[in-house]
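Chain by chain, the residues:
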Amino acid sequence: MKQSKQDKTHNSFMQRKKGFNSLDRLMPIILAIIAGISVLTTIGIIVILITESAGFFQAVSITEFLFGTEWTPLFADPRFGVLPLIMGTFMITLVASIVALPIGFGSAIYLSEYAPKKVRNFLKPILEILAGIPTIVYGFFALTFITPIIKLVIPQTDLFNALSAGIVVGIMIIPMISSLSEDAMNAVPNSLRYAAYAMGSTKLEVALKVVVPAAFSGIVASFVLGLSRAIGETMIVTLAAGALPNMDFDFLKSIQTMTAYIVTTSQGDTAYGSVEYRTIYAVGITLFVITLLMNILAGYISRKFREEYE
Amino acid sequence: MKQLDAERQMKRRKRKNTIFHVLFLSSTLFGIVALGMLLIQILSDGLGWLDWDFLTNNASRKAERSGIKAAIAGTLWMMSITAPLSFIIGVSTAIYLEEYAKKNWFNRFIQTNIANLAGVPSIVYGLLGLTIFVRVFGFGKSVLAGSLTMTLLILPIIIVASQEAIKAVPVTQRNASFALGANRWQTIIRVVLPSALPGILTGSILSFSRAVGETAPLIVVGAVAYITTLPSGVFDKFTVMPIQIYTWANLPQEEFHHVAAAGIIVLLFMLLTMNAIAIFLRNKYQKKN
C-alpha cells in the first residue's frame, strides 16, 4: 500500500516532534552535567591545595609556617616562615589602596553625580580600556616609567621596589572600584536626590550626605573586592617589586609577595615532590584562603547592609 | 545682619561644591592620564623596533633579531582550544541555570560557587592546571594543558555574561513560543538563544581578550619563553605573547626593553581589536531593541 503524501508529511512531522521531545528530556541532564564543571573546578582547587600542602606541613610545622619571620626555602638551611611574603603582599596592597580608593571613589562620584551624560558616555569606555590592559603591560610600565621617576626624586631607591609596583597595582584597580561604586550610586533612586535638591542642597551635599550613605554598602564592597584583586595580582609585582622576601617595611626596597613567589619558584628547577616544590602550594593555599575570605566579606557587606528602595 | 550671614554661608557651600567638583573630575582624569602616559611610553619605546622582521622572527638571544612569531602562533594555538571550549561550557551552564534550574539549594550553590570562582586569583588556576593537567592527566607542559587551564579561568566570566544576556530576553517571547506548541528546548534554541546571542558574544569576546593577556597561570603551567619551532600539535611545548614580553622585560639589557615594548604594541593591538568587535556587537544589538 502506498502512503499518501499527506501521511508522509505527517509521519516526518511526528518523527521530528518525537526527536525534539526526547531532546527536551535529555538536554537538561546534559546541561546540568556541563554546569557541574564549575563545581568540579572548585573541588579541584581545594583538594589540590590541601593534599599538596599536606605533604609540606608534614615536613614543616604550621607554627613555623605561620609565625616564622624568615622565608628562605631554597637556601642550604631553609626557613619556612610565610610572614615576609604576607608582609610584602600587605605593603603592595597598602600603597595600591592609598592610590585607588580615593581616586576610584572620586571618579565614581563624578561619573554618577556630576558628569553630563555626554561626558560620561565618553569617559566611561576609556576607563574600561584601562581595565582591559594586561597586567604584564602594567608591570612593564612600573619598571620602565614609574620606577625611574621615583629614583629621580629619591635616588637610593632600588630598581625593584614595593612603592612603584604598589602605585601601578593601584592604577590597575581604579576602574574596578570606580565602576562598582558607580553602579551602587546609580541604584540610589532619583527621588532621594530631588528631595535633597528641593531643600536647597548643593550637588556636593546631595552626593556626600544622601547618595554615598545610601550606596555605602556597595561602595565598601567595591573597596574590599579591589583590595582582594590587589592581593592576588601577580605579574606587576613579579616584574617590578623584586624577589627579596623581607620584613623591613621599607617601600623603596625590593620585596616579594605571595603571588610573585609562586611564579618565580614554579619557573625554577626545584625537584617535583620535594618540600621546596610543595612550598608553592602552601603559599597558594594561604593566598586562596585570604582572597576567599575577602570575597565572602564583600558579598556579605553588600547583601547585609543593602538598602532596599521601592 | 542675619541675611548677610545666610548669604555668606551659601557662598561658602557653593565654593566647596566647586572645589570638590574639580577634585572628583581630576580623579576621573587621573585614570585617563595614566592610560595616556602608559600608551605614549610604550609607543615611544617600541614603535621603532616594530617591523616585519619582528613579526616573522622567532625569539633570539640577540635583541635586534628577536621576533614574536612563535608567541603569536602559541597564542593562536591556545585560543583555538580555549575559545570554543569555554564558549560551549559557559553558554551551556548559563542556559541550565537560567532556563532549567529550579530554585533549590543545589542550584544556588552552583551560582555562589561561580561567583567565588570569579574572585580566585589567576595564579591559583595555574597551580590547578599544573597539578591536574600537567601531572595527573600527563599532558606535560603542552598547548593542551595551558588551554584547558585558561578555559577554566575565563569560564566564570562567560557564564555570568551569558546569564545576563539570557535574562534580558523578555518572558513574552518565551510565552509566545510555548503558545505555538514549542517545547522548552525548541524555545531555547530558536527563540531565546538567537535573541541573547549578541550579548553572549560580547561577553565571550571580552573574556577571550582576558585569556590572551593573562600571563601568570601559564608560567606556572610551564609555557616557556625560548621556542625556536612552532607548535605543530596540542601536545607540543609553546609560549604566548605575554610570557614572551615578560621574559624580554626581565632581561637586564636595555635593548630588550624596546623589544618588549614592541611586543606589547602587538598584544595591545590584538586586544583593542577584540574590544572594538565586542563594542561594535553591543552597539548593533542595542540599536535593534
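Reading the values: the criteria
Residues numbered from 1 in each chain as written. Chains lettered and ligands numbered in written order. Predicted model: local features only at pLDDT ≥ 70, side-chain atom pairs only at ≥ 80, totals over all residues. Heavy atoms only, no water. Helix = DSSP H or I, 4+ residues; strand = E, 2+ residues; numbered from the N terminus. Rg over C-alpha atoms; globule rule 2.2 N^0.38 Å. Areas by Shrake-Rupley, 256 points an atom, 1.4 Å probe, with all protein chains shown as cover. Lys, Arg positive; Asp, Glu negative; His and termini not counted. Charge placed at Lys NZ, Arg CZ, Asp CG, Glu CD. Patch = residues over 30% accessible without salt bridge, like charges linked within 9 Å, V, L, I, M, F, W, Y side chains within 5 Å. Salt bridge = Lys/Arg side-chain N within 4 Å of Asp/Glu carboxyl O. Buried < 20%, exposed > 50% of the residue type's maximum accessible area, 1.4 Å probe, protein only. Contact = heavy atoms within 4.5 Å. Buried area = accessible area lost by both parts, 1.4 Å probe. Polar contact = N/O pair within 3.5 Å; in protein donor to acceptor, adjacent residues only side chain to side chain. Nonpolar A, V, L, I, M, F, W, Y, C, P; charged D, E, K, R; others polar. Expected span 1.5 Å × (residues − 1). Bend = angle between axes of the 7 residues up to and from the residue. Phe/Tyr/Trp six-rings, centres within 6.5 Å; stacked < 30°, edge-to-face > 60°. Lys NZ or Arg CZ within 6 Å of the ring centre and 35° of its normal. pLDDT = per-residue confidence, 0-100. Core = buried A, V, L, I, M, F, W, Y, C linked by side-chain atoms within 4.5 Å.

Draft legend 1. Region of the structure containing the overall build of chain A. Summing up its helical and strand segments, chain A has twelve helices and zero strands in all. When its helices and strands are written in sequence order, chain A yields α-α-α-α-α-α-α-α-α-α-α-α. Against the globule reference of 19 Å for 310 residues, chain A gives a C-alpha radius of gyration of 27 Å, more extended than a compact globule. Its C-alpha atoms put chain A at 95 × 70 × 35 Å along the principal axes. Total accessible area computed for chain A in this model is approximately 14,700 Å², and 66% of it derives from carbon and sulfur atoms. Both charge centroids of chain A, one from 22 positive and one from 20 negative side chains, sit 18 Å from each other.

Draft legend 2. Here's a closer look at a positive patch on the surface. A cluster of like positive charges, contributed by A:Lys209, B:Lys11, B:Arg12, B:Arg15 and B:Lys16, occupies part of the molecular surface. Among the elements that make up the positive patch, the one with the highest residue count is helix H1 (residues 2-46) of chain B (four residues). Judged by relative accessible area, A:Lys209 falls into the exposed class, the value being 63%.

Draft legend 3. Representation of the pattern of salt bridges within the structure. The tally for this structure, following the rule as stated, stands at 13 salt bridges over all chains. The closest approach of N and O atoms between A:Asp77 and A:Arg79, which form a salt bridge, is 3.5 Å. The shortest N-O distance in the salt bridge between B:Asp5 and B:Arg8 comes to 3.7 Å. You can see B:Asp5 and its partner B:Arg8 sitting in helix H1, three residues apart, about one turn around the helix.

Draft legend 4. Looking closely at the interface of chain B and chain A. Across the boundary between the two partners, chain B contributes 70 residues, which contact 76 residues of chain A. Both faces combined, the contact of chain B with chain A buries some 6,500 Å², and carbon together with sulfur accounts for 77% of it. A per-residue breakdown of the area chain B buries against chain A is headed by B:Phe24, B:Trp185 and B:Tyr246, which together make up 10% of the total. At the boundary of chain B and chain A, one finds two salt bridges. At the boundary of chain B with chain A, the tally comes to twelve residue pairs in polar contact (both at pLDDT 80 or more). Of all the elements, H1(B) adds the most residues to the side of chain B that touches chain A, at 20 residues. When the residues that make up the side of chain B that touches chain A are grouped by side-chain class, the tally is 44 nonpolar, 18 polar and eight charged.

Draft legend 5. The arrangement of helix H10 (residues 241-250) of chain B in detail. Across the ten residues of H10(B), nine count as buried, placing the element largely inside the fold. All of the buried residues in H10(B) are B:Met241, B:Pro242, B:Ile243, B:Gln244, B:Ile245, B:Tyr246, B:Thr247, B:Trp248 and B:Ala249.

Draft legend 6. Focus on unusual backbone geometry. Residues and elements named next belong to chain A. Phi angles above zero are rare outside glycine, and phenylalanine 249 is one such case at about 60°. In this fold, phenylalanine 249 is placed in the loop between helix H10 (235-240) and helix H11 (258-267). For phenylalanine 249, a relative accessible area of 38% gives the class partly exposed.

Draft legend 7. Spotlight on helix H5 (residues 135-153) of chain A. Under the 1.5 Å per step criterion, the end-to-end length of H5(A) is 25 Å for 19 residues, consistent within 8% with the ideal 27 Å. Its axis deflected by about 40° at A:Ala142, H5(A) carries its strongest bend there.

Draft legend 8. Quick peek at the environment of A:Tyr261. Residue and element names in this part refer to chain A. Tracing the backbone shows tyrosine 261 in helix H11. Note on tyrosine 261: relative accessible area 3%, which makes it buried. Spatially, the C-alpha atoms of tyrosine 261 and threonine 238 are 7.9 Å apart, while their sequence positions differ by 23 residues. Dropping the residues within four chain positions of it, tyrosine 261 is found in contact with Trp71, Pro73, Leu85, Gln256, Glu276, Thr279, Ile280 and Val283.

Draft legend 9. How the structure looks around the packing of aromatic side chains. Overall, the coordinates contain 19 aromatic pairs over all chains when judged by the stated rule. Pairing A:Tyr114 with B:Phe24 gives two aromatic rings, centres 5.7 Å apart and planes at 50°, and the pair type is tilted. In this pair, A:Tyr114 is assigned in helix H3 (residues 83-114) and B:Phe24 in helix H1, connecting two distinct chains. Each of the two residues, A:Tyr114 as well as B:Phe24, counts as buried. Taken together, the aromatic side chains of A:Phe56, A:Phe57, A:Phe65, A:Trp71, A:Phe80 and A:Tyr261 make up a single cluster linked through ring pairs. Its guanidinium or amino end placed over the ring of A:Tyr272, B:Arg135 lies 3.9 Å from that ring's centre, counting from NZ or CZ.

Draft legend 10. Structural context of the confidence of the model for chain B. Residue and element names in this part refer to chain B. Predicted confidence across chain B gives a mean pLDDT of 91, with 98% of residues reaching 70 or more. Within chain B, helix H2 (residues 52-56) has the poorest average pLDDT of any element, 86, and helix H6 (residues 143-167) the best, 96. Across the whole predicted complex the pTM is 0.92, and at the interface the ipTM reaches 0.92.

Draft legend 11. Inspection of a nonpolar patch on the surface at higher detail. A contiguous nonpolar patch, built from A:Phe90, A:Leu94, A:Ile98 and A:Phe249 and spanning about 380 Å² of accessible area, is present on the exposed surface. As for its position among the elements, A:Ile98 is in helix H3.

Draft legend 12. How the structure looks around the nonpolar core. The biggest cluster of nonpolar side chains holds 179 residues, and the ones touching the most others in it are A:Ile45, A:Val137 and A:Tyr138. A total of 15 residues in this core trace back to one element, the largest contributor, which is H3(A). Other than its neighbours up to four places away in sequence, A:Ile45 contacts A:Phe288, B:Leu117, B:Val120, B:Val124, B:Tyr125 and B:Leu128.

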